[in-house]
Amino acid sequence: MPISEDQLKTWAKQGPTQQFTATYETLKNCLNDSNSPYYSKDFSIFLQGSYRNDTNVYGDSDVDVVIRLNQTFYTDLSNLSEEDKQLWNAARSDAAYTLDQFKKDVTGWLVKKIRQRRAARYKGNLHQREWEPPKR
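On a predicted model such as this, the values are computed, not experimentally measured, just so you know. Think of each chain on its own: its residues are numbered from 1, step by step along the sequence as written. Local features in this predicted model are restricted to residues whose pLDDT is 70 or higher, and side-chain atom pairs enter the listing and the counts only when it is 80 or higher, whereas totals over whole chains, interfaces and linings include all residues. Only hydrogens and water are set aside; all other atoms, that is, all heavy atoms of the structure, feed into the side-chain values.

### A look at the overall build of the chain
As a reminder, the rule being used: Helix and strand assignments come from DSSP, with helices taken as H or I runs of at least 4 residues and strands as E runs of at least 2, each series counted from the N terminus. Residue exposure (1.4 Å probe, protein chains only): buried if accessible area is under 20% of the type maximum, exposed if over 50%, otherwise partly exposed. Here, Shrake-Rupley sampling with a 1.4 Å probe gives the accessible areas, and only protein chains in the shown set may cover a residue.
A count of helices and strands for the chain gives five helices and two strands. Starting at the N terminus and walking to the C terminus, you meet the elements of the chain as α-α-β-β-α-α-α. Burial status across the chain gives 18% buried among its 136 residues. Working note: accessible area of the chain is about 10,700 Å², and carbon and sulfur atoms make up 48% of it.

Structure below.
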């Protein structure tokens, strides 16, 4: 069955942006809360995907938000000589705050804030509306 010209025109239009903007601002404010366990760390929050690139289409309204820890990084020493590797290892130190801890802190914070928000909104029916992050 062919797709009609009208349907193609509808899909080609940029999707709604008002709700996306509200969703992004709400999530950004939640993540950037000074009470969060990671607030003192160096992190960035930004959009990724179709909304960032202004390519979101009608009917596809997911909002991809990234929170990135800027103070921890990984290295690739495979091209260094053994002597250079030793020099590198002598001068570096392990991160005090790891990416795994950051992930746990962010996920825990989001779950806590969403539960608080839903508890206030649904008073007494929280067990029916709890959100849990996807299991990996």
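### Describing a nonpolar patch on the surface
This is how the line gets drawn: Without a salt bridge and with relative accessible area above 30%, a residue can belong to a patch; like charges are then joined within 9 Å and nonpolar side chains (Val, Leu, Ile, Met, Phe, Trp, Tyr) within 5 Å. Salt bridges are defined as contacts in which a side-chain nitrogen from Lys or Arg sits within 4 Å of a carboxyl oxygen from Asp or Glu.
Together, Phe 73, Leu 80 and Trp 88 make up a nonpolar patch on the protein surface, roughly 300 Å² of accessible area in all. Position of Trp 88 relative to the elements: it lies in helix H3 (residues 82-91). Accessibility expressed as a relative area gives 31% for Trp 88, which makes it partly exposed.

### A look at the packing of aromatic side chains
To keep it simple, the criterion reads: Centres within 6.5 Å make a pair out of two Phe, Tyr or Trp rings, where for Trp the six-membered ring is used; the pair is then stacked when the planes are under 30 degrees apart, edge-to-face when over 60, and tilted otherwise. Ring-over charges, as used throughout, are those where CZ of Arg or NZ of Lys falls within 6 Å of the ring centre and within 35 degrees of the ring normal.
Per the counting criterion, the structure on display carries three aromatic pairs. With a centroid separation of 5.3 Å and 80° between ring planes, the pair formed by Tyr 38 and Phe 43 is classed as edge-to-face. For the pair Tyr 38 and Phe 43, one class covers both residues: buried. Cluster of aromatic residues (ring-pair linked, three or more members): Tyr 38, Phe 43, Tyr 97 and Phe 102. The ring of Tyr 97 has Lys 41 lying over it, and the distance from NZ or CZ to the ring centre is 4.6 Å.

### Remarks on the side chain of Ser 44
So the rule is basically this: Here a polar contact is taken to be a pair of N or O atoms separated by no more than 3.5 Å, where protein atoms must pair a possible hydrogen donor with a possible acceptor and residues adjacent in sequence count only if both atoms sit in side chains. Contacts are assigned to residue pairs with any non-hydrogen atoms lying within 4.5 Å of each other.
Relative to the assigned elements, Ser 44 resides in strand E1 (residues 43-48). Of the polar contacts made by the side chain of Ser 44, one reaches the side chain of Asn 70; its length is 2.8 Å. Each residue touching Ser 44, except ones within four places of it in the same chain, is listed here: Val 66, Ile 67, Arg 68 and Asn 70.

### Some remarks on the nonpolar core
Soluble globular proteins tend to bury their nonpolar side chains together. Stated formally: The definition of a nonpolar core used throughout is a set of buried Ala, Val, Leu, Ile, Met, Phe, Trp, Tyr and Cys residues joined through side-chain atoms within 4.5 Å.
In terms of nonpolar packing, the biggest core is built from 13 residues, with Leu 31, Tyr 38, Phe 102 and Val 106 touching the most fellow members. For this core, the secondary structure elements donating two or more residues are helix H2 (18-31), E1 and helix H4 (99-122). For Leu 31, the residues in contact, after removing those within four places along its chain, are Ser 36, Tyr 38, Phe 43, Ile 45, Val 65, Ile 67, Val 106 and Leu 110.

### Observations regarding the environment of Asp 76
Its location among the elements puts Asp 76 in the loop between strand E2 (64-69) and H3. Asp 76 sits in the exposed class, given a relative accessible area of 60%. In terms of polar contacts, Asp 76 uses its side chain to reach the side chain of Ser 78, at 2.7 Å.

### Overview of the side chain of Asp 105
Stated precisely, the cut-off is as follows: Two residue types count as positive, namely Lys and Arg, and two as negative, namely Asp and Glu; His and chain ends fall outside the count.
With respect to the helices and strands, Asp 105 occurs in helix H4. Here Asp 105 sits buried without a salt bridge, and the closest side chain of opposite charge, Lys 41, lies 7.2 Å off (N-O distance). Separated by 2.6 Å, the side chains of Asp 105 and Tyr 97 make a polar contact. For Asp 105, the contacting residues outside a window of four places in its chain are Pro 37, Tyr 38 and Tyr 97.

### Some remarks on the confidence of the model for the chain
To be explicit about the condition: Every residue is assigned a pLDDT by the predictor, reflecting its confidence on a scale from 0 to 100.
The pLDDT averaged across the chain works out to 78; a share of 70% of its residues lies at or above 70. Of all the helices and strands in the chain, helix H5 (residues 126-129) carries the lowest mean pLDDT, 41, while H3 carries the highest, 94. Predicted confidence for residues 124-132 stays below pLDDT 50, and this span has eleven contacts to residues more than four positions away or in other chains.

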